[in-house]
Amino acid sequence: MNTANRILVGMAGAMTLAAAGPGRAAEMQVADLVLLNGKVITVDPKETVADAVAVKGNRIVAVGDVSGWRGPQTKVIDLKGRAVLPGFIDAHSHVEGMAGVEARYVKIQAPPLKDGKAIIAELKKAQAKLAPGAWLVGQGTYNQVMPTRAQLDAAFPDNPVRLIWSAHDSLINHKAAQVMGMTKDWPDPGPGHSGRYERLPNGEVYIVRDAPAPWPAQDAFTYPELKEAVRDILDDFYLKKGVTTVSDLSTTTAYRAMQDLRKEGRLPTRVRMNYFVRDPKMLDVVEASGVTTGLGDDWLRFGAVKFFADGVWGTTAAVYKPFWNGSGTTWMPNNTGGVNYDQDTLNKLVLRAYRNGWQVEVHANGDRAQDMVLTAYEAAQKAAPRPDARLRIEHFAHFLVQDPARTEERLQRMKRNNVIISPQVAFLWRLTDVNVREPDVKFFPMKTIIERGFHPAGGVDTIGTQNFATYPMFSIERAVNRDTKFGTIVQPEEAISVMDGIRMFTIWSAEANFLEKDFGSIEVGKVADFVVLAEDPLTAAKDKLGDIAVDMTILDGKVAYAR
């Protein structure tokens, strides 16, 4: 709400109070909630920092001077110097995927596990609780060292084993390959798949990268289980981390569960429901449903349609120049990744969603895929102009790569077309000392992007790899300090301010999701979603930002979580 509108709202309110008479006026002027004696980091355009905020119903009615809003029924919280921020908004999450990992998979991340031997020991503990011949599925994280295929086969000759680096990459043992039929006769992915299989000398598959596999369904939830698992993730990994809105990528069944939770009054956070479209047939389902971007309310709202142009950096992302030996978990010479669509098919898919009024976002890690996405966006905008489409590239700032001329042209095209950058800066944490030596690559160049006038939206994008990182202050600490879990500082010239980090997970994420009119900053007229932090992030030690405790999360002007 701009200044002129606030004045008009204030005048209208004053006339309403006058017409109501003195008794009714006093009642209407009383706030339901007042937060006092704090540091209210508003994230408004002027970077205002106030000491108090007042709420009536679920809307902010005053920031700063709240003396006229207190009454006998007003709930008053003395902040005692603590910081208040707008409720965090995660622009890219996978709630259902996280739920499956937390409930079903063996945690094998290294660290804390040291090596392949420690991973096998952890899997042995899980094996002891399972029936003979049961699947063992371990969830790791990017670029970690896994046991060798020979070690896995020796330790688990009778159990099929799948070890996951990320949603894109899995290592399987001999028993798993047998059970799934992924022997030498298993065909390579055909057109329409960015991924590949890596095989042993005898032709048997042992690594699956962004490619189809007949994974077992033994880890599927019943519907009641799914509903509770989704609730637990939204509560433990988001609400308690100060996240009040989650822009999610789950299945329609998970969204049904969220709707049921809403009816029961048990939905922990607001959710923006986005559709995966891996198979073009899914677009038929989306179109037939009649829903489109923006349908819903402040708690559950339909968001974007998401397509997948390529895979993941270092192995299957579509790039112009071959990947560097050292950028991924394993290396293949002359590998430039792959795409899921040719240009004409991608253009047609984007245009279909675009014509139907959907916001479109495309997963594009590699620079070749990113240029294809921009071509599709430009074609859609030419065919069906829309002034405020807010087209997004997911993972664009994951790596801003390679040759300067193409990079510069890409940035200019994005700026001309108002394309929103959706990075996941938490993944700086995973880079090994080998990864960071990759030549001609800028890793998450957040300062460059922001100085170009982009408003990158903060998201975490974890499906088990880094579930601990759903607290936005973890990502903000990475963006400010540029550090990895190995202690390396990566391209410190791309560090940003704490305030810009906060913007990524508040107002800029709101803009990326068409939510900025009501969310993303603490301003009169907006919805009262806040996070109360135990310490002021603007003055806290920069290497301790991720350690600041969430003392309280407030949703719709009500305390939804208190530590």
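As the structure is a computational prediction, the values presented were derived from the model and not from experiment.

Visitor: I'd like a rundown of the overall build of the protein, residues and numbers included.
Guide: A tally of regular secondary structure across the protein gives 16 helices and 25 strands. Its C-alpha atoms give the protein a radius of gyration of 25 Å, within 12% of the compact-globule value 24 Å for 563 residues. Principal-axis analysis of the C-alpha atoms places the extent of the protein at approximately 90 × 55 × 50 Å. A burial count over the protein gives 56% of its 563 residues as buried. Taking the intrachain contacts of the protein between residues at least 6 apart in sequence as the baseline, contacts between residues at least 24 apart amount to 72%. Element-wise, carbon and sulfur atoms account for 55% of the exposed surface of the protein, whose accessible area totals about 22500 Å². Positive and negative side-chain charges in the protein, numbering 67 and 67 respectively, have mean positions lying 1 Å apart.

Visitor: Lay out the pattern of salt bridges with the relevant residues and their values.
Guide: As enumerated under the stated definition, the model contains 42 salt bridges in all. A salt bridge links glutamate 198 to arginine 196, with the shortest nitrogen-to-oxygen separation between them at 2.7 Å. Across the pair, arginine 196 and glutamate 198 agree in class, each one buried. Its salt-bridge partner being glutamate 361, residue arginine 392 comes within 3.3 Å of it at the nearest N-O pair. With a gap of 31 residues between them, arginine 392 in strand E19 (residues 392-394) and glutamate 361 in strand E18 (residues 359-363) connect regions that are remote in the sequence. Each member of the pair, arginine 392 as well as glutamate 361, carries the same accessibility label: buried. One connected set of salt bridges, linked through shared partners, spans Lys227, Glu228, Arg231, Asp232, Glu264 and Arg266.

Visitor: Could you give an account of the sheet that holds strand E11 (residues 161-166), naming the residues involved and the relevant values?
Guide: One open sheet holds the 6 strands; their spatial order is E9-E10-E11-E12-E14-E13, and the pairing between them is mixed. Both outer strands of the open sheet, strand E9 (106-107) and strand E13 (196-199), are each paired with one neighbouring strand and no more. Bridge analysis of E11 against strand E12 (residues 169-172) gives 4 bridges, and the strand direction is antiparallel. Residue pairing across strands places serine 166 opposite aspartate 169, the latter belonging to E12.

Visitor: An account of the side chain of arginine 482 is requested, with residue identities and associated values reported.
Guide: Mapped onto the fold, arginine 482 is located in the loop between helix H14 (472-481) and helix H15 (498-504). The buried charged residue arginine 482 lacks any salt bridge partner; its closest oppositely charged side chain belongs to glutamate 494, at an N-O distance of 5.7 Å. A distance of 2.6 Å separates a polar atom in the side chain of arginine 482 from the backbone oxygen of phenylalanine 444. Reaching out from arginine 482, the side chain makes a polar contact with the backbone oxygen of glutamine 491 at a distance of 3.3 Å. Apart from residues lying up to four places away in sequence, arginine 482 is in contact with Leu428, Phe443, Phe444, Met446, Glu477, Thr488, Ile489, Val490, Gln491, Pro492, Glu494 and Ala495.

Visitor: Requested: an account of the packing of helix H9 (residues 280-289) against helix H10 (residues 343-355), with residues and values cited.
Guide: In the contact formed by H9 and H10, the axes pass within 11 Å of each other and the chain directions differ by 10 degrees. It follows that H9 is roughly parallel to H10 by the angle criterion. Seen from H9, the contacting residues are Pro280, Leu283, Asp284 and Glu287; seen from H10, they are Leu349, Arg352 and Ala353. Split by residue class, the contact of H9 with H10 holds 4 nonpolar, no polar and 3 charged.

Visitor: Tell me about the sheet that holds strand E3 (residues 49-50), and please be specific about residues and values.
Guide: Across the sheet, 6 strands lie side by side as E3-E2-E7-E23-E24-E25; this open sheet has mixed pairing. Two strands bound the open sheet, and with one partner strand each, they are E3 and strand E25 (558-562). In this sheet, strand E24 (residues 550-555) lies alongside strand E23 (residues 530-533) in antiparallel orientation, the contact comprising 4 bridges. Paired with valine 531 across the bridge in E24 is threonine 553.

Visitor: Give a detailed account of helix H3 (residues 95-104), specifying residues and quantitative values.
Guide: When we look at burial in H3, the residues that qualify are Val95, Glu96, Met98, Ala99, Gly100 and Val101. The elements touched by buried residues of H3 are strand E8 (88-93), strand E10 (136-139), helix H7 (223-238), strand E15 (243-249) and helix H8 (252-263).

Visitor: Could you give me a rundown of the confidence of the model for the protein, with the residues and numbers involved?
Guide: For the protein, mean pLDDT is 91; residues scoring 70 or higher make up 94% of the total. Below a pLDDT of 50 lies the segment residues 1-26, which in the model reaches 13 contacts outside its immediate sequence neighbourhood of four places, other chains included.

Visitor: Outline the side chain of aspartate 536, supporting the account with residue identities and numerical values.
Guide: The topology assignment puts aspartate 536 in the loop between E23 and E24. Given a relative accessible area of 9%, aspartate 536 falls into the buried group. Those residues in contact with aspartate 536 that lie beyond four places of it in its chain are Lys39, Ile41 and Ala83.

Visitor: Give me H7: which residues, what numbers.
Guide: Between its first and last C-alpha, H7 extends 22 Å over 16 residues, near the 22 Å set by a 1.5 Å rise per residue. The inward-facing, buried residues of H7 contact E8, H3, E15, H8 and strand E16 (270-276).

Visitor: Explain the nonpolar core residue by residue, including any values.
Guide: Counting 102 residues, the largest nonpolar core has Tyr238, Phe307, Tyr377, Ile393 and Leu533 as its most contacted members. Once residues lying within four places of it in the same chain are set aside, the contact partners of leucine 533 are Arg82, Ala83, Leu85, Tyr471, Met473, Ile548, Ala549, Val550 and Asp551. With 18 residues, the next largest nonpolar core counts Ala110, Leu136, Leu171 and Ile207 among its residues.

Visitor: Describe in detail unusual backbone geometry, supporting the description with residues and values.
Guide: Here the bond from alanine 110 into proline 111 is cis, since omega is -5 degrees, no more than 30 degrees from zero. Take proline 111: it is sitting in the loop between E9 and helix H4 (116-127). Residue proline 112 is bonded to the preceding proline 111 through a cis peptide linkage, with omega at 10 degrees. A positive phi angle, near 65 degrees, is found at asparagine 143, a position not held by glycine. Among the secondary structure elements, asparagine 143 is positioned in the loop between E10 and helix H5 (149-155). The backbone phi angle of glutamine 491 is positive, close to 45 degrees, even though this residue is not glycine. With respect to the element layout, glutamine 491 can be found in the loop between H14 and H15.

Visitor: How would you summarise the packing of aromatic side chains if you had to cite specific residues and measurements?
Guide: Taken as a whole and assessed by the stated rule, the structure comprises 7 aromatic pairs. Note on tyrosine 275 and phenylalanine 302: the rings are 6.1 Å apart at their centroids and 20 degrees apart in plane angle, and the pair reads as stacked. In this pair, tyrosine 275 is assigned in strand E16 and phenylalanine 302 in strand E17 (residues 300-308), connecting sequence segments 27 residues apart. Assigned by exposure class, tyrosine 275 and phenylalanine 302 land together as buried. Relative to phenylalanine 474, the ring of phenylalanine 468 has its centre 5.3 Å away and its plane inclined at 85 degrees; by these criteria the two rings are edge-to-face. Given a relative accessible area of 46%, phenylalanine 468 falls into the partly exposed group.

Reading guide: rules and limits
- Residues numbered from 1 in each chain as written.
- Predicted model: local features only at pLDDT ≥ 70, side-chain atom pairs only at ≥ 80, totals over all residues.
- Heavy atoms only, no water.
- Helix = DSSP H or I, 4+ residues; strand = E, 2+ residues; numbered from the N terminus.
- Rg over C-alpha atoms; globule rule 2.2 N^0.38 Å.
- Buried < 20%, exposed > 50% of the residue type's maximum accessible area, 1.4 Å probe, protein only.
- Contact = heavy atoms within 4.5 Å.
- Areas by Shrake-Rupley, 256 points an atom, 1.4 Å probe, with all protein chains shown as cover.
- Lys, Arg positive; Asp, Glu negative; His and termini not counted.
- Charge placed at Lys NZ, Arg CZ, Asp CG, Glu CD.
- Salt bridge = Lys/Arg side-chain N within 4 Å of Asp/Glu carboxyl O.
- Pairing = 2+ DSSP bridges.
- Polar contact = N/O pair within 3.5 Å; in protein donor to acceptor, adjacent residues only side chain to side chain.
- Axes fitted to C-alpha atoms, helices over the stretch in contact; angles between N-to-C directions.
- Parallel < 35°, antiparallel > 145°, perpendicular 65-115°, else oblique.
- Nonpolar A, V, L, I, M, F, W, Y, C, P; charged D, E, K, R; others polar.
- pLDDT = per-residue confidence, 0-100.
- Expected span 1.5 Å × (residues − 1).
- Core = buried A, V, L, I, M, F, W, Y, C linked by side-chain atoms within 4.5 Å.
- Phe/Tyr/Trp six-rings, centres within 6.5 Å; stacked < 30°, edge-to-face > 60°.

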